[in-house]
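# Structural description and commentary
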Amino acid sequence: MNKEFDFSQVGKRMPYSVPDDFFGELEENVMRQASAIAAEPKPSAWRKRIAWGTCISAAAAVALLLTVNVNSTKAADDVSEEAVNVAFAQLAPEDQAFLLEVWEDSEMMDEQTEWY
C-alpha cells in the first residue's frame, strides 16, 4: 500500500446525483402516498365477526374431535376375548409372531418390576 497517499489530492467530487427539485417533491410524494394508504377501506365489523366465528368454529371442531377420540378409546376396553382371537387369526403369520414376542417381552417386564 502506498503510505504517501494524500486525501487532498482526491478532491471533493460527489459520486451520486439526484434530479433537480428532488427534495422539494419528496415531501409531496410522501404525503400523497400516506393519504392513499389512509383512504384504503378498513375491515368492517362484519368481517371481524366472521373471522372470530371461524376461529370459534375451528376450536369447537377440535374439541369435538378430541371428545370423540376419547370416547372411542373407552369403547376399545369393551372388546370381547373372542373378537380379539378372531382378529389375531386374520393376521399374517409374521405379524402374529411379532405380537407374541412383544407380549412375552411385556410379561417379562411386569415380572421384573415386581422385584423393585
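The sections below set out a description of the structure shown in this document. (Residues numbered from 1 in each chain as written. Predicted model: local features only at pLDDT ≥ 70, side-chain atom pairs only at ≥ 80, totals over all residues. Heavy atoms only, no water.)

## As for unusual backbone geometry
- The phi angle at Asp-21 is positive, at roughly 60 degrees, despite the residue not being glycine.
- Tracing the backbone shows Asp-21 in the segment before helix H1 (22-38). (Helix = DSSP H or I, 4+ residues; strand = E, 2+ residues; numbered from the N terminus.)

## Considerations on a nonpolar patch on the surface
- A cluster of nonpolar side chains, contributed by Val-18, Phe-22, Phe-23, Leu-26 and Val-30, occupies part of the molecular surface with about 470 Å² of accessible area.
- The topology assignment puts Val-30 in helix H1. (Patch = residues over 30% accessible without salt bridge, like charges linked within 9 Å, V, L, I, M, F, W, Y side chains within 5 Å. Areas by Shrake-Rupley, 256 points an atom, 1.4 Å probe, with all protein chains shown as cover. Salt bridge = Lys/Arg side-chain N within 4 Å of Asp/Glu carboxyl O.)

## Let's talk about the packing of aromatic side chains
- On inspection of all chains with the given rule, the structure shows one aromatic pair.
- Each ring, one from Phe-22 and one from Phe-23, has its centre 5.1 Å from the other, and the planes form 80 degrees; the classification is edge-to-face.
- Accessibility expressed as a relative area gives 37% for Phe-22, which makes it partly exposed. (Phe/Tyr/Trp six-rings, centres within 6.5 Å; stacked < 30°, edge-to-face > 60°. Buried < 20%, exposed > 50% of the residue type's maximum accessible area, 1.4 Å probe, protein only.)

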